[in-house]
Amino acid sequence: MTWTRNDFPEGFLFGAATSSYQIEGHGMGGAGPTHWDSFAATPGNVVRAEDGARACDHYTRWPEDLDLLRDLNVDIYRFSTSWARVLPEGTGTPNPEGLDFYDRLVDGMLERGLKPAATLYHWELPQPLADRGGWRNRDIAGWFAEFTETIMGRIGDRLWSAAPINEPWCVSWLSHFEGHHAPGMRDIRATARAMHHVLLAHGRAIEVMRGLGLSNLGGVFNLEWADPADPDNPADVAAAARYDAIYNRFFLGGVFQGHYPAEVLEGLEPHLPQGWQDDFATITQPLDWVGLNYYTRKLIAAAPGPWPGLTEVQGPLPKTQMGWEVCPEALYRFIMRVANTHAPDLPIYVTENGMANADRLQGGVIDDPERLAYLDAHLAQCRRAIADGADLRGYIIWSLLDNYEWALGYEKRFGLVHVDFESLKRTPKASYHALERALRRKGG
Ligand code: FCB
């Protein structure tokens, strides 16, 4: 590492993140079926049809995982609560084991001096709600409010922060237009509805949490920078702007400005639910912070065919195991854009950043210099943004553990800690050890 904690402003927080379905093991503890189980059981959707039934068995090994976080010297643990574990039917009777699990987990964080940063929904929609139309059904805002009330009624009193929904773009566009994630739809009307309802559900959850007296509430948006494949071709420039509008500006603009970009309405307006304009009062509930998940940028070219009329082009930059280009500069640009345009008065956190690498255990050691270089380069851009006046307050790494990388199964390794998916043994990688040193506290 080319930095230590002392190179950041006093009080700047570091953290690591995971999510429930990706690590817990959904086969345990009375969790209900989720749309990810159905998606994974459908041939062709997920590499080797792998699912989250066992994952990292965090459900039983959580004390060891929290010890790893404590020993890493991070301040924040960003985790998520599974809707299907808490309410196996999606609504109605809670699963007491599920509530007890999150209760113990939060206490375990506090005992180890970790700040619990909860995300309510990181994609494991209860199957009974998917059967009722899932994110396409406007009722999901009410179902989600009920889940929020149930889980936050139990753990909300001890959280450091809470955010309703991880990555609205993935929940809606990736899952209903591109079909790459559960429920695997490819339908423009379903997409438009999911995009709007995910923001409505976000707003309702914020209202519920305010009502319960919770504070430090935020929103977590995933952002991807779009550059035109040929900057001299106006059609490519327009296509990149459309990509940016769909991916980034729709969600940030909806939540912070209360409107959707014209480039998106051009394609989706006929498919939005009636009266969508009236929902902005709920969608724009004031927040206390904004979280940015950032991994990569894309090169976009115009393509023939219906809206959105664009395609991705291979870029020239070095790539991670995901095939994603490494472009730290775009993290800086996004922090500055959010600070200057969308949320000028709010603290900003990088709530996810990290890379997948084909890490191999050799002689008991995992050397991952690529990950160290990636983190170094992105943290340098964070310092640059702070120097240029952005109110950036923290940086959270994806991920603590190698885990279930959705449609790509267990093959893509994002962890600071290696997991052997046969024995479930955890082995900290070289990047973990370097971070542990860089994050030592003064006098610690
Ligand atoms: C993000 C997700 C997270 C993980 C990383 C690689 O989009 O929030 O669950 O899959 O990407």
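Use the structure listed above.
Rules behind the numbers
- Residue numbering note: each chain is counted from 1, following its sequence as written.
- The model is predicted, so local features are restricted to residues of pLDDT at least 70 and side-chain atom pairs to those at 80 or more, both for listing and for counting; the totals for chains, interfaces and linings are taken over all residues.
- Each side-chain value is worked out from all heavy atoms of the structure, with water and hydrogens disregarded.
- By definition, any uninterrupted DSSP run of H or I lasting at least four residues is a helix, any uninterrupted run of E lasting at least two residues is a strand, and each is numbered from the N terminus.
- Only the C-alpha atoms count toward the radius of gyration. The rule for a globule is 2.2 Å times the residue count to the power 0.38.
- We call a residue buried when its accessible area falls under 20% of the maximum for its residue type, exposed when it is over 50%, and partly exposed in between, using a 1.4 Å probe and counting protein chains only.
- Contact criterion: two residues are considered in contact whenever any of their non-hydrogen atoms come within 4.5 Å of each other.
- Each accessible area value is a Shrake-Rupley result obtained with a 1.4 Å probe; residue values ignore everything except the protein chains displayed when judging cover.
- The charge count treats Lys and Arg as positive and Asp and Glu as negative. His and the chain ends do not count.
- For the purpose of locating charges, the reference atoms are NZ of Lys, CZ of Arg, CG of Asp and CD of Glu.
- Centres within 6.5 Å are what make two rings of Phe, Tyr or Trp a pair, Trp counting through its six-membered ring; a difference in plane orientation under 30 degrees is then read as stacked, over 60 as edge-to-face, and the rest as tilted.
- Axis lines are fitted through C-alpha atoms, for helices just across the contact stretch, and the angle between N-to-C directions can take any value from 0 to 180 degrees.
- An angle counts as roughly parallel when it lies under 35 degrees, as roughly antiparallel when it exceeds 145, as roughly perpendicular when it falls between 65 and 115, and as oblique in every other case.
- In this scheme, a crossing is called left-handed if the near helix is turned counterclockwise away from the far one by less than a right angle; it is called right-handed if the turn is clockwise.
- Each residue is assigned to one of three groups, with Ala, Val, Leu, Ile, Met, Phe, Trp, Tyr, Cys and Pro labelled nonpolar, Asp, Glu, Lys and Arg labelled charged, and all others, Gly among them, labelled polar.
- Being near a molecule or strand, for a residue, comes down to having at least one heavy atom within 4 Å of it.
- Polar contacts, as counted here, are pairs of nitrogen or oxygen atoms within 3.5 Å of one another; within protein the pair requires one atom able to donate a hydrogen and one able to accept it, and residues that are adjacent in sequence qualify only if both atoms are side-chain atoms.
- What a helix is expected to span follows from its residue count: subtract one and scale by 1.5 Å.
- Note that a disulfide, as used here, is simply two cysteine sulfur atoms within 2.5 Å.
- Remark: nonpolar core denotes a set of buried residues (Ala, Val, Leu, Ile, Met, Phe, Trp, Tyr, Cys) joined through side-chain atoms within 4.5 Å.

Moving on: the overall build of the protein. Per the secondary structure count, the protein includes 15 helices and 11 strands. A globule of 444 residues ought to have a C-alpha radius of gyration of about 22 Å, and the protein, at 21 Å, matches this closely. Along the first, second and third principal axes, the C-alpha set of the protein runs to 55 × 55 × 45 Å. The burial tally for the protein puts 63% of its 444 residues in the buried class. In the protein, 77% of the contacts between residues at least 6 apart in sequence involve partners at least 24 apart. Taken as a whole, the protein presents about 15,900 Å² of accessible surface, with 50% of it coming from carbon and sulfur. Within the protein, the 58 negative side-chain charges are centred at a point lying 3 Å from the centre of the 41 positive side-chain charges.

On to the packing of aromatic side chains. The geometry of an aromatic ring pair is captured by two quantities: the separation of the ring centres and the angle between the planes. Under the criterion given, the structure shown has 40 aromatic pairs. On the basis of an interplanar angle of 80° and a centroid distance of 6.2 Å, the ring pair of Trp276 and Phe280 is categorised as edge-to-face. Assigned by exposure class, Trp276 and Phe280 land together as buried. Between Trp289 and Tyr349 the ring centres are 5.8 Å apart and the planes differ by 80°, which places this aromatic pair in the edge-to-face class. Here Tyr349 lies in strand β8 (residues 348-352) and Trp289 lies in strand β6 (residues 289-302), a separation of 60 residues in the sequence.

With an omega dihedral of 10°, the bond running from Ala182 to Pro183 counts as a cis peptide bond. Looking at where Pro183 falls in the secondary structure, it is placed in the loop between α8 (168-176) and α9 (188-211). Here the bond from Trp307 into Pro308 is cis, since omega is 10°, no more than 30 degrees from zero. Looking at the element boundaries, Pro308 is found in the loop between β6 and β7 (310-313).

Here helix α13 (residues 328-342) crosses helix α14 (residues 369-387) at 30°, and the two axes come no closer than 8 Å. One way to sum up the angle between α13 and α14 is to call them roughly parallel. α13 and α14 meet at a crossing whose hand is right-handed. Contacts between α13 and α14 pair Pro328, Glu329, Leu331, Tyr332, Ile335 and Met336 from the former with Ala377, His378, Gln381, Cys382, Arg384 and Ala385 from the latter. Across the contact of α13 with α14, the residue classes break down as eight nonpolar, two polar and two charged.

A few words now on the site of the ligand. What surrounds the ligand is the set Gln22, His122, Trp123, Asn166, Glu167, Tyr295, Glu352, Trp398, Glu405, Trp406 and Phe414. One of the side-chain N or O atoms of Asn166 is found 2.9 Å from an oxygen atom in the ligand. Residue Trp406 places a side-chain N or O atom 3.0 Å away from an oxygen atom belonging to the ligand. Across the complex, the protein chains shield 95% of the 290 Å² of accessible surface that the ligand would expose by itself. Here the residues of the shell around the ligand sort into five nonpolar, three polar and three charged.

With that out of the way, let us pick up helix α15 (residues 430-438). Given 3.6 residues per helical turn, the α-helix brings residues three or four places apart onto the same face. Within α15 the residues assigned to the buried category are Ser431, Tyr432, Ala434, Leu435, Glu436 and Ala438. In this fold, the buried residues of α15 make contact with α3 (58-72), α14, β9 (392-398), β10 (417-419) and β11 (426-428).

Relative to the 22 Å expected for 16 residues at 1.5 Å per residue, helix α7 (residues 140-155) spans 22 Å between its end C-alpha atoms, a close match to the ideal helical length. Within the span of α7, buried status applies to Ile140, Ala141, Trp143, Phe144, Ala145, Phe147, Thr148, Thr150, Ile151, Met152 and Ile155.

Inspection of every chain in the model, using the stated rule, returns zero disulfides. There is no disulfide at Cys327, and the cysteine sulfur nearest it, in Cys382, is 14 Å away. By relative accessible area, Cys327 is classed as buried at 8%.

With that settled, the discussion passes to the nonpolar core. Within the largest apolar cluster, 143 residues are counted, with the highest numbers of intra-cluster contacts made by Phe79, Trp83, Trp135 and Ile335. By residue number, the principal contributor to this core is helix α10 (residues 234-257), which donates 10 residues. Every residue in contact with Ile335, bar those within four places of it in the chain, is listed here: Leu292, Ile348, Val350, Cys382, Ala385, Ala390 and Leu392.

Scope: geometric values only; no functional claims are made or implied.
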